[in-house]
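Each chain is listed here by its residues.
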Amino acid sequence: MPFESLGEYVDALEKAGELKRIKAKVSADLEIAEVMRRLMYKGDQPAVLFENVEGSDMQVLGNAFGSIRRLKLALESDDFVDIGQRIVDLTRMKMPSGMLDKIKMLPKLSEIGEYGPKYEDRGPVTEIVEGSDKASFNSLPILRSFVGDAGKFITFGMTVTKHPGTEIRNLGVYRIQIVDEKHAIMHWQTHKRGAQHYKIMKEQNKKIQAAIVIGADPATVFSAVAPVPEGMDKYLFSGIARKKGVKLVKCKTVDLEVPANAEIVLEGYVDPNDMRMEGPFGDHTGYYTPAEPFPAFTLTGVMRRRNPIYLTTVVGKPVLEDAYIGKVIERSFLPLIQMFHPEVTDFSMPGAGWFQGLAVISIKKMYPGQAKKVMMGLWGMGQLALTKIFVVVDSDVNVHDMNDVIWAVTTRADAARDVLIINNTPTDTLDPASPLVNLGSKMGIDATQKTREEGYMREIQQLAVVDEDTKALVDRRWQEYFGSSTDDR
């Protein structure tokens, strides 16, 4: 059964030996963030629950998703590919025509209905409700992560908005800088869906309602980060990810729905006429992003549990917690990539490349120029439009082994022939190398084996591989060589 709340997930982490409770008094100003970073950089360390945070009665949960092991527990999945496969199966499902077909489809239709959100009158998040007179950011243990940060930032808030035309809901994770007890700054980058909703309202000179959810069941948290297909409601995606619809309640001061089992909900609106300088902030590229103008969020109400857990994360030079979440996105969206590009055999976005920096794609190559065709297609798919470097390799190369990838690049790519540069393309807002904010270049490297049609006029050299007879001989005699102390072959 999927987790219904963050608290259930914390209990499961503890039972699995994946949680460390810290009882010593700690500060949300720099100290907590440094503890979290050190654990993540050390590797194979547990999630941490800070129980005694200076100036707050809330517990702070960090590094909750900071390993593949924890993410497998969180999403009840062994390889995460099944999440994307469920979306593909839904898109390919044919409507029944005859009575027999309709009977056969009943279980599948029932499954679809089970994925949709369920609406409740109340839930744990409505245990305490504060109107605009009492609502304040000051009650939260919001972190300052680096000494050069402009202030305190909410780093794992799920911002809920609704498309003004279609009313399809989006959840996105954007950093939010606190200004005072009632105001913050919403850093939604221009390519993100929340920013698109905001721009539609800005054209009408209207404010956009928003709700910031802090802490929910793991599948809903994952859904907020995931770049789901255009037009899909994020709550539906959460239901698909967890194989069960998420329970929702209405906000009190804005016309939006939020998870009934959430920890904290901050209600308010973003005003296009109230622009403020946001940043600097030490971000996931490892650099401080400079100050830029972004619109202000005004707090109009708070809903929360009586004893909420404040979920947070820290970013910085890779590899930190966000890299593991990114790896799950990579795995779960492989079936969607293959639906549009069936020649793709595997896909990897190394954490060290902060996921928008570099992607490696393996293909089953069948015709000349196919690698460039795949590059162009992927640059046209949603958030992959922001990926700055693509490396395409043959299907015999392991995209998750950088030694194998580097071998392919250096033995199958010629710089003049196989490197593609495209100027004036969209880039990630946080890219510290692009010459302009949001605009730069792309590079594609075709590291597949070339054919004569592609200008390779030499004889293709044969791979040096061990013959099967020798391999079998050494397999049989391995223990004779080394005894029972090892069976490493």
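Residues numbered from 1 in each chain as written. Predicted model: local features only at pLDDT ≥ 70, side-chain atom pairs only at ≥ 80, totals over all residues. Heavy atoms only, no water.

**Quick look at the overall build of the chain**
Part 1: Looking only at helices and strands, one finds 14 helices and 23 strands in the chain.
Part 2: Against the 2.2 N^0.38 benchmark of 23 Å for 489 residues, the chain shows a C-alpha radius of gyration of 25 Å, consistent with a compact globule.
Part 3: Considered along the principal axes of its C-alpha atoms, the chain spans approximately 80 × 60 × 60 Å.
Part 4: Classification of the 489 residues of the chain by burial places 52% in the buried group.
Part 5: The long-range share in the chain, meaning contacts at least 24 apart out of those at least 6 apart in sequence, stands at 71%.
Part 6: Approximately 22400 Å² of the chain is accessible, and the part contributed by carbon and sulfur atoms is 53%. (Helix = DSSP H or I, 4+ residues; strand = E, 2+ residues; numbered from the N terminus. Rg over C-alpha atoms; globule rule 2.2 N^0.38 Å. Buried < 20%, exposed > 50% of the residue type's maximum accessible area, 1.4 Å probe, protein only. Contact = heavy atoms within 4.5 Å. Areas by Shrake-Rupley, 256 points an atom, 1.4 Å probe, with all protein chains shown as cover.)

**A word on a nonpolar patch on the surface**
Part 1: Taken together, the side chains of Trp407, Leu463 and Val465 make up a nonpolar region of the molecular surface, amounting to roughly 300 Å² of accessible area.
Part 2: Tracing the sequence through the fold places Val465 in the loop between strand E23 (439-447) and helix H14 (468-482).
Part 3: Given a relative accessible area of 67%, Val465 falls into the exposed group. (Patch = residues over 30% accessible without salt bridge, like charges linked within 9 Å, V, L, I, M, F, W, Y side chains within 5 Å. Salt bridge = Lys/Arg side-chain N within 4 Å of Asp/Glu carboxyl O.)

**Some points on the nonpolar core**
One broad trend across soluble globular proteins is that nonpolar side chains are buried collectively.
Part 1: Leu61, Phe65, Phe237, Val258 and Val265 are the most contacted members of the largest nonpolar core, which has 57 residues in total.
Part 2: By residue number, the principal contributor to this core is helix H1 (residues 6-15), which donates five residues.
Part 3: Sequence-distant contacts of Val258, that is, excluding residues within four places in its chain, are made with Val160, Ala211, Val213, Tyr235, Lys247, Leu248, Val249, Cys251, Val265 and Met303.
Part 4: In terms of nonpolar packing, the next biggest core, distinct from the first, is built from 38 residues, Ile178, Ala195, Ile264 and Phe297 among them. (Core = buried A, V, L, I, M, F, W, Y, C linked by side-chain atoms within 4.5 Å.)

**Thoughts on the confidence of the model for the chain**
Part 1: Put simply, the chain has an average pLDDT of 91, and 94% of its residues get 70 or more.
Part 2: Between residues 102-106, whose pLDDT stays under 50, and residues either more than four places distant or in other chains, the model counts five contacts. (pLDDT = per-residue confidence, 0-100.)

**A look at the packing of helix H7 (residues 218-225) against helix H8 (residues 234-242)**
Part 1: Remark: H7 packs on H8, axes separated minimally by 8 Å, with the N-to-C direction vectors making an angle of 130°. In terms of orientation, H7 and H8 fall into the oblique class. Regarding H7 and H8, the two cross each other, and that crossing is right-handed. Between H7, through Ala219, Thr220, Phe222, Ser223 and Ala224, and H8, the contact on the second element is made entirely by Lys234, Phe237, Ser238, Ala241 and Arg242. (Axes fitted to C-alpha atoms, helices over the stretch in contact; angles between N-to-C directions. Parallel < 35°, antiparallel > 145°, perpendicular 65-115°, else oblique. Left-handed = near helix turned anticlockwise from the far one by under 90°.)

**Here we look at unusual backbone geometry**
Part 1: Residue Gly279 is joined to Pro280 through a cis peptide bond whose omega torsion reads 5°.
Part 2: Inspection of the secondary structure puts Pro280 in the loop between strand E14 (264-278) and strand E15 (281-282).
Part 3: The peptide bond linking Pro318 to Val319 adopts the cis configuration, its omega dihedral lying at 15°.
Part 4: Tracing the chain through its elements places Val319 in the loop between strand E18 (309-311) and helix H9 (321-332).
Part 5: At Leu30, a position not held by glycine, the phi torsion is positive, near 75°.
Part 6: Relative to the helices and strands, Leu30 resides in the loop between strand E1 (19-22) and helix H2 (31-42).
Part 7: The class for Leu30 is partly exposed, based on a relative accessible area of 25%.
Part 8: Despite not being glycine, Asn438 shows a phi value in the positive range, around 75°.
Part 9: In this structure, Asn438 sits in the loop between strand E22 (419-426) and E23.

**Notes on the environment of Lys373**
Part 1: Mapped onto the elements, Lys373 comes out in helix H11 (residues 370-379).
Part 2: A residue is classified by how much of its surface remains accessible, and Lys373, at 34% relative accessible area, is partly exposed.
Part 3: Linking Lys373 and Leu19, residues 354 residues apart in sequence, is a C-alpha distance of 46 Å.
Part 4: The contacts of Lys373, once residues within four sequence positions are left out, are His341, Glu343 and Tyr367.

**Remarks on the sheet that holds strand E2 (residues 47-50)**
Part 1: Taken in spatial order, the four strands line up as E1-E2-E3-E18 in an open sheet, and their pairing is mixed. Looking at strand neighbours, the two that pair on one side only are E1 and E18, the edges of this open sheet. Pairs of neighbouring strands in the sheet enclose a mean axial angle of 25°, with direction left out of account.
Part 2: Here three bridges tie E2 to strand E3 (residues 59-62), and the two strands are oriented antiparallel to one another. If you follow Phe50 over to E3, its bridge partner there is Val60.
Part 3: Docked against the sheet, H2 engages E1, E2 and E3, running at close to 160° with respect to E2. (Pairing = 2+ DSSP bridges.)

**Some points on the pairing of E3**
Part 1: One ladder, built from three bridges, connects E3 with E18; its direction is parallel. Directly across from Gln59, in E18, lies its bridge partner Ile309.

**A closer look at the pattern of salt bridges**
Part 1: Counted by the stated rule, this structure contains 34 salt bridges.
Part 2: Close ionic contact of Arg169 with Glu257 constitutes a salt bridge, the shortest N to O distance being 3.0 Å. Placement of Arg169 in strand E8 (residues 169-173) and of Glu257 in strand E13 (residues 257-259) is noted, with a sequence separation of 88 residues between them.
Part 3: Between Lys450 and Asp418 there is a salt bridge whose closest N-O contact spans 3.4 Å. One end of the pair, Lys450, is in the loop between E23 and H14; the other, Asp418, is in helix H13 (residues 415-418), with 32 residues separating them in the sequence.
Part 4: When salt bridges with common partners are traced through the structure, they connect Arg169, Asp233, Lys250, Asp255 and Glu257 into a single cluster.

**Side note on H9**
Part 1: Look at H9: 17 Å from first C-alpha to last across twelve residues, which is about the 16 Å you get at 1.5 Å a residue.
Part 2: The buried count for H9 comes to nine of twelve residues, which makes it a mostly enclosed element.
Part 3: For H9, the set of buried residues is Glu321, Ala323, Ile325, Gly326, Val328, Ile329, Glu330, Arg331 and Ser332. (Expected span 1.5 Å × (residues − 1).)

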